Amino acid sequence: MDELDKKLNEVYPGRVVRKDLLHRIKKGTNVPSFVLEFLLARYCASDDPDEIEAGIQAVFETLSKNYVRPDEANKAQSMVQQQGRHKFIDKIHVTYKEKEKRHWAEMENFNSRRIAIPDKFYRDNDRLLEGGIWAEVTVAHNDIDEDDYAFYIEEMRPIQLSRFNFDEYAAGREKFSRDEWLDVITRSCGLEPSKLSHRLKMHFLARLFCFVEANYNFIELGPRGTGKSFAYSELTPYATLVSQASTPTLFYNLQRHKVGLVGYWDTVAFDEVGRVKLKDKDTVEVMKNYMANGRFSRGVEVIANASFAFVGNIDYSVDQLVNSTQFDLFVPLPTEFDLAVIDRFYTYLPGWEIPKNSSQYLTSNYGFITDYIAEAFHHLSKQSRYDYVNRNCRFGKSIQGRDEIAIKKTISALLKILHPVGEPSREELDEYMAYALEGRRRIKEQLNKRKADDEYEAINLSFFDKTDKEVVVWCPESKKASATQNPVRKRLPGTPELEPDKDEKQETETTIETNQKKEPQADDSAPEDQINKLKEQHYTIFYGERGFTFQRIFGDYLHGAKKVTVTDPYIRATHQIANFIRFCELVVKIGTAKKIELVTGFDDEYQKNETAAKFESLKESLKDHEIEFSYSFNANIHDREVRLDSGWVIKIGRGFDIYQKPDDWFTIGANDFELRPCLETMVDIFKVGNGSGSPIKGRVTKPDT
């Protein structure tokens, strides 16, 4: 132990762990860090090398015996039945079932949602009812046939903290200097502060801002392999990583009347933000409102506290980007992230300054147990340091409305992490102001570069230091870049266009454009002029032809439709329902429809009831995509058509059942319907209402593509 280790163990006994032991075990398991650290604290609480080695083996044996992977759930349940009881390490949460007037426990990897639990456990552990906790759980088998459950909880020992004492945490902080505390936090993240510059420590600290400051909007772009997403997957159970976004998932599901991720997590992190798929156009608009004030309206007014973190890769030289007149540091972002979204970011962490992941930066010293520091940050996220910032920080005139909010929230986050109680020195506060202004200026410079007018020209952000001197803050990568500090402005009408500098033109055309190899992204939206150019079609699909997928037949016409009505008397057999579901999947991917109606037939009441049960499953599934599905049965219908509220009608003689059944399911075309030969049928696509009114009689043999 060094002096800081000794002090940390003395002030926070039982709350710290040697981080190098975690690194050794983590490489061979897929278990959350706080679970591993719980076991390390039990078996490796020693400085003796032999005892530590024996303890590590005990940890591995415990995991092998008690940790169940999700795909081993059936084996685990059978083991409990055969042995009578068994101890597991699993995440457990408790739900109160109103209709039954009792509580049931659920264990995730054990995969049982109906486990009896004595009330003493959830009375002593509040978080069992609030999202659940990881615990050592002894599950016993219930052999009484009359009972309606197979398993019950016999013993439980929480792995995550069931209660957190903030006063204890705050009192301990007062025994450390600011720089010592910064090193403690750095080591708690698994890094060795002696290998890092002070600026790098601050950068790693910035990754934690979202954990302590509610409704904080953070972005980090940089090279691969710098651990951008590590904090959001390993350092706290209060954060979640997502790779795609939709309004129902993120914000509010109108069909289920349920708040999305922002209502359940402290931080929602968007991994590989350049590849994030936005499933509907409303998502960005709702996101803008939420990022601005922590609330949004989706039929109901919702207020939430979750912060947003956006992390992604930059595949270009930063020096080239800041010196380019066309490209900026936000080049990896999706095109849907317009100026309004970018302006709502509070700080931009320069990921290109952070070194690649390497074992040389990992610490072998003590740091806080992950779950302990996560609880501290969760507690701090509910507090406010805004009043202190307002009273003690003064800024220059270039700082405007959103700049001020962003900078003050960043300073507040730094105060919460480094000074959970007490106040910083004036020198430390000046440092925090400078760091906060730099992170916001990096955003402001790119906005000024993107918008070729004067709206964002006030980029020289400044603060007044302890001597009352105004200090202008610069971003080191762009301070000498004329293309960023003095971007080209929009020309007045009639003004001749100036030729760019020869070297700059060559850099722009060859270096950036030649190397820009973005992956093509599926575009599920169709421009309005493309929709308006759609034509009526009348053609025959001949027997044995291939390539007639639902996308090819229906895709262009579904764009812009809000309601889809399907009439088909033969949606009842398994393969017919499967074809209809395939059509519904296409509607979901197009993303504009909000309602699907189906009218179909039936042979007898038994078939009708059996089909209805399958439709109910589809109905629940479509709710997740905010599509309302309704169905009805009519034994007298004969026609088959898909009618859209945009006026288009698609009639196929065979309905959705246009594909031949393979003679052998191990042949090409068995799974890919573009390669599956078709049955012969006629297709008529025409417009009613504002359209021509009825199908044209002439026929062609191929659809327009």
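Look up: the structure comes first, before these words.
How each quantity is defined
- Residues numbered from 1 in each chain as written.
- Predicted model: local features only at pLDDT ≥ 70, side-chain atom pairs only at ≥ 80, totals over all residues.
- Heavy atoms only, no water.
- Helix = DSSP H or I, 4+ residues; strand = E, 2+ residues; numbered from the N terminus.
- Buried < 20%, exposed > 50% of the residue type's maximum accessible area, 1.4 Å probe, protein only.
- Contact = heavy atoms within 4.5 Å.
- Areas by Shrake-Rupley, 256 points an atom, 1.4 Å probe, with all protein chains shown as cover.
- Axes fitted to C-alpha atoms, helices over the stretch in contact; angles between N-to-C directions.
- Parallel < 35°, antiparallel > 145°, perpendicular 65-115°, else oblique.
- Left-handed = near helix turned anticlockwise from the far one by under 90°.
- Nonpolar A, V, L, I, M, F, W, Y, C, P; charged D, E, K, R; others polar.
- Core = buried A, V, L, I, M, F, W, Y, C linked by side-chain atoms within 4.5 Å.
- Expected span 1.5 Å × (residues − 1).
- Pairing = 2+ DSSP bridges.
- Phe/Tyr/Trp six-rings, centres within 6.5 Å; stacked < 30°, edge-to-face > 60°.
- Lys NZ or Arg CZ within 6 Å of the ring centre and 35° of its normal.
- Salt bridge = Lys/Arg side-chain N within 4 Å of Asp/Glu carboxyl O.
- Polar contact = N/O pair within 3.5 Å; in protein donor to acceptor, adjacent residues only side chain to side chain.

Some thoughts on the overall build of the protein chain
Logical step 1: Counting its secondary structure elements, the protein chain contains 25 helices and 27 strands.
Logical step 2: Split into buried and exposed, the 705 residues of the protein chain put 52% on the buried side.
Logical step 3: In the protein chain, once contacts between residues fewer than 6 apart in sequence are set aside, the share between residues at least 24 apart is 74%.
Logical step 4: Carbon and sulfur atoms make up 47% of the accessible area of the protein chain, which amounts to about 34200 Å² in all.

Digging into the packing of helix 9 (residues 198–206) against helix 19 (residues 426–450)
Logical step 1: Relative to each other, helix 9 and helix 19 sit at 65°, their axes nearing to 12 Å. With respect to their mutual orientation, helix 9 and helix 19 come out roughly perpendicular. As helix 9 runs across helix 19, the sense of the crossing is right-handed. The segment helix 9 lies against helix 19, with His198, Arg199, Met202, His203 and Ala206 engaging Glu431, Tyr432, Tyr435, Glu438 and Arg442.
Logical step 2: Looking at the contact of helix 9 with helix 19 residue by residue, the classes come out as four nonpolar, two polar and four charged.

What about the nonpolar core?
Logical step 1: Grouped together as the largest cluster of nonpolar side chains are 90 residues, with contacts concentrated most on Tyr12, Tyr169, Phe368, Phe377 and Ile411.
Logical step 2: Broken down by element, the residue count for this core peaks at eight residues, all from helix 18 (residues 401–418).
Logical step 3: Here Phe377 is in contact with Tyr169, Ile185, Leu208, Phe211, Val212 and Ile417, once residues within four sequence places are set aside.
Logical step 4: Membership of the second largest hydrophobic core comes to 45 residues, among which are Tyr252, Leu278, Leu321 and Phe327.

As for helix 18
Logical step 1: With 18 residues, helix 18 ought to run about 26 Å at 1.5 Å a step, and its terminal C-alpha atoms sit 26 Å apart, in line with that.
Logical step 2: Burial runs high along helix 18: 14 of the 18 residues are buried.

Concerning helix 3 (residues 33–43)
Logical step 1: For helix 3, the tally of buried residues reaches eight of 11 residues, placing the bulk of the element in the interior.
Logical step 2: Along helix 3, the positions that sit buried rather than exposed are Ser33, Phe34, Val35, Leu36, Glu37, Phe38, Leu39 and Leu40.

Digging into the sheet that holds strand 4 (residues 112–116)
Logical step 1: Overall, mixed pairing links the five strands, which are arranged 2-3-4-6-5 in a closed barrel. Strand-to-strand twist across the sheet, computed as the mean angle between neighbouring axes with direction ignored, equals 60°.
Logical step 2: Against the sheet, helix 3 engages strand 2 (85–97), strand 5 (133–141) and strand 6 (151–158), with an angle of about 80° to strand 5.
Logical step 3: Each of strand 2, strand 4, strand 5 and strand 6 touches helix 5 (residues 73–83); the most contacted strand, strand 2, lies at about 105° to it.

What to know about the packing of aromatic side chains
Logical step 1: This structure, assessed with the given rule, holds 51 aromatic pairs.
Logical step 2: Ring centres of Tyr12 and Tyr169 lie 6.4 Å apart, and the angle between their planes is 50°; this geometry places the pair in the tilted category. Taken together, the residues Tyr12 in the loop between helix 1 (3–11) and strand 1 (16–18) and Tyr169 in helix 7 (residues 166–173) connect sequence positions 157 residues apart. A single burial state applies to Tyr12 and to Tyr169, both of which are buried.
Logical step 3: When the centroid spacing of 6.2 Å and the interplanar angle of 65° are considered together, the rings of Tyr290 and Phe296 count as edge-to-face. Both residues of the pair, Tyr290 and Phe296, count as buried.
Logical step 4: Ring-pair connections join several aromatic residues into one group, and the members of that group are Phe550, Phe554, Phe580, Phe583, Phe602, Phe615, Phe629, Tyr631, Phe633, Phe656, Tyr659 and Phe673.
Logical step 5: Over the aromatic face of Phe176 sits the side chain of Lys7, whose NZ or CZ is 4.9 Å from the ring centroid.

Details of the pairing of strand 3 (residues 102–107)
Looking along a regular strand, one sees side chains alternate from face to face of the sheet.
Logical step 1: Within strand 3, five of the six residues are buried, leaving the element largely enclosed by the surrounding structure.
Logical step 2: With six bridges joining them, strand 2 and strand 3 adopt antiparallel strand pairing. Paired with Ile92 across the bridge in strand 3 is Met107.
Logical step 3: Hairpin connection from strand 2 to strand 3: four residues lie between these consecutive antiparallel strands, with Lys101 at a positive phi of about 60°.
Logical step 4: In this sheet, strand 4 lies alongside strand 3 in antiparallel orientation, the contact comprising two bridges. Bridge assignment links Met107 to a residue of strand 4, and that residue is Ser112.
Logical step 5: Two successive antiparallel strands, strand 3 and strand 4, enclose a turn made up of four residues, where Asn111 displays a positive phi of approximately 60°.

Points about the sheet that holds strand 22 (residues 563–567)
Logical step 1: The strand order across the open sheet formed by seven strands is 21-27-26-25-22-23-24, and the pairing between neighbours is mixed. Where the open sheet ends on each side, the last strands, each with one partner, are strand 21 (537–541) and strand 24 (628–633). Going from strand to strand, the sheet's axes swing by 10° on average, the running direction of each strand aside.
Logical step 2: One ladder, built from six bridges, connects strand 23 (residues 595–600) with strand 24; its direction is parallel. Considered in strand 24, the bridge of Glu597 is made with Ser630.

Considerations on the packing of helix 24 (residues 574–590) against helix 25 (residues 605–623)
Logical step 1: Between helix 24 and helix 25, the least distance of the axes is 12 Å, while the angle of their chain directions is 15°. Of the possible angle classes, the one that applies to helix 24 and helix 25 is roughly parallel. Pair helix 24 / helix 25 crosses with right-handed handedness. Residues Thr574, Ile577, Phe580, Ile581, Cys584 and Val588 of helix 24 pack against Thr611, Lys614, Phe615, Leu618 and Leu622 of helix 25.
Logical step 2: The residue makeup of the contact of helix 24 with helix 25, split by class, is eight nonpolar, two polar and one charged.

Points about the pattern of salt bridges
Logical step 1: Inspection of every chain in the model, using the stated rule, returns 48 salt bridges.
Logical step 2: With a shortest N-O distance of 3.3 Å, Arg187 and Asp5 are connected by a salt bridge. With Arg187 in helix 8 (residues 178–188) and Asp5 in helix 1, the pair connects residues that are 182 residues apart, well separated along the chain.
Logical step 3: Residues Glu626 and Arg298 are paired through a salt bridge, measuring 2.4 Å at the closest nitrogen-oxygen approach. Here the residue Glu626 occupies a position in the loop between helix 25 and strand 24, and Arg298 occupies one in the loop between strand 14 (295–297) and strand 15 (301–303), the gap between them amounting to 328 residues. The same class applies to Glu626 and to Arg298, which are both buried.
Logical step 4: Connected through salt bridges with shared partners, the residues Arg199, Glu353, Glu438, Arg442 and Glu477 form a single ionic network.

Quick look at the side chain of Thr410
Logical step 1: Among the structural elements, Thr410 can be located in helix 18.
Logical step 2: Among the polar contacts listed, one links the side chain of Thr410 to the side chain of Tyr216, at a separation of 2.6 Å.
Logical step 3: At 3.0 Å, the side chain of Thr410 and the backbone oxygen of Ala406 are in polar contact.

Overview of the environment of Lys589
Logical step 1: Of note, Lys589 is situated in helix 24.
Logical step 2: In this structure, the C-alpha to C-alpha distance between Lys589 and Asp280, residues 309 residues apart in sequence, is 9.2 Å.

A few points about the environment of Trp352
Logical step 1: You can see Trp352 is positioned in the loop between strand 17 (347–350) and strand 18 (366–368).
Logical step 2: Distance from Trp352 to Asn313, taken between C-alpha atoms, is 9.4 Å for residues 39 residues apart in sequence.
Logical step 3: Among all residues touching Trp352, those that are not within four sequence positions of it are Leu221, Gly222, Pro223, Ile314, Val318, Leu329, Arg442 and Glu477.

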